[in-house]
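# Inside the fold
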Amino acid sequence: MPTLDGKLKLKIPPGTQTGKMFRMRGKGIRPVRGGGLGDLICRVVVETPVNLTDDQKELFRRLDDTLLGGGSRHNPQSTGWLDGVKKFFEGLGF
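All of these numbers come straight from a predicted model, not from anything done at the bench.

## Remarks on the overall build of the protein chain
Of the regular secondary structure elements, the protein chain holds 2 helices and 4 strands. For the protein chain, the share of sequence-separated contacts (at least 6 apart) that also reach a separation of at least 24 residues comes to 25%.

Have a look at this one:
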């Protein structure tokens, strides 16, 4: 990660999605009126592979089949917040 003072390492946990923000405390700039260093905020942008070969596409299809077949939810946006609201009211008997 490039900073004003040079490069730093930032560990990105597995499963991190685009838009996730990480705070690097004390790695930002000093306020104009003095004080300690501010924080540097880093936003993750996940790049989607393009121009895949047929073999690579098949590997992704097989991975998708195993994730769906096992019942695991690998897409964090497969249900939205509105689905949660609906589920809440259904539980109340409305």
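## Looking at a nonpolar patch on the surface
On the surface, L82, V85, F88, F89 and L92 cluster together into a nonpolar patch covering about 460 Å² of accessible area. Relative to the assigned elements, V85 resides in helix 2 (residues 81-92).

## Structural notes on the pattern of salt bridges
Counted by the stated rule, this structure contains 3 salt bridges. For E58, the salt bridge goes to R61, with nearest N and O atoms at 3.5 Å. Here E58 pairs with R61, and both are found in helix 1 (residues 54-69), just 3 residues apart, close to one helical turn. In the salt-bridge network here, residues are joined through shared partners; they are R23, R25 and D39.

## Some words on the packing of aromatic side chains
All chains considered together, the criterion is met by 0 aromatic pairs. Here K20 stacks its cationic end above the ring of F22, 5.7 Å away from the centre of that ring.

## Details of the side chain of T3
Mapped onto the elements, T3 comes out in strand 1 (residues 2-3). Of the polar contacts made by the side chain of T3, one reaches the backbone oxygen of G6; its length is 2.4 Å.

## Describing unusual backbone geometry
In this structure, N51 is a non-glycine residue whose phi angle is positive, near 55 degrees. Assignment of secondary structure puts N51 in the loop between strand 4 (40-43) and helix 1. Given a relative accessible area of 75%, N51 falls into the exposed group.

## What to know about the side chain of T16
Among the structural elements, T16 can be located in the loop between strand 2 (6-7) and strand 3 (21-24). With a relative accessible area of 18%, T16 lands in the buried category. Of the polar contacts made by the side chain of T16, one reaches the backbone oxygen of P13; its length is 2.5 Å. Setting aside chain neighbours within four positions, we find T16 in contact with F22, V44 and V46.

Conventions and cut-offs
- Residues numbered from 1 in each chain as written.
- Predicted model: local features only at pLDDT ≥ 70, side-chain atom pairs only at ≥ 80, totals over all residues.
- Heavy atoms only, no water.
- Helix = DSSP H or I, 4+ residues; strand = E, 2+ residues; numbered from the N terminus.
- Contact = heavy atoms within 4.5 Å.
- Patch = residues over 30% accessible without salt bridge, like charges linked within 9 Å, V, L, I, M, F, W, Y side chains within 5 Å.
- Areas by Shrake-Rupley, 256 points an atom, 1.4 Å probe, with all protein chains shown as cover.
- Salt bridge = Lys/Arg side-chain N within 4 Å of Asp/Glu carboxyl O.
- Phe/Tyr/Trp six-rings, centres within 6.5 Å; stacked < 30°, edge-to-face > 60°.
- Lys NZ or Arg CZ within 6 Å of the ring centre and 35° of its normal.
- Polar contact = N/O pair within 3.5 Å; in protein donor to acceptor, adjacent residues only side chain to side chain.
- Buried < 20%, exposed > 50% of the residue type's maximum accessible area, 1.4 Å probe, protein only.

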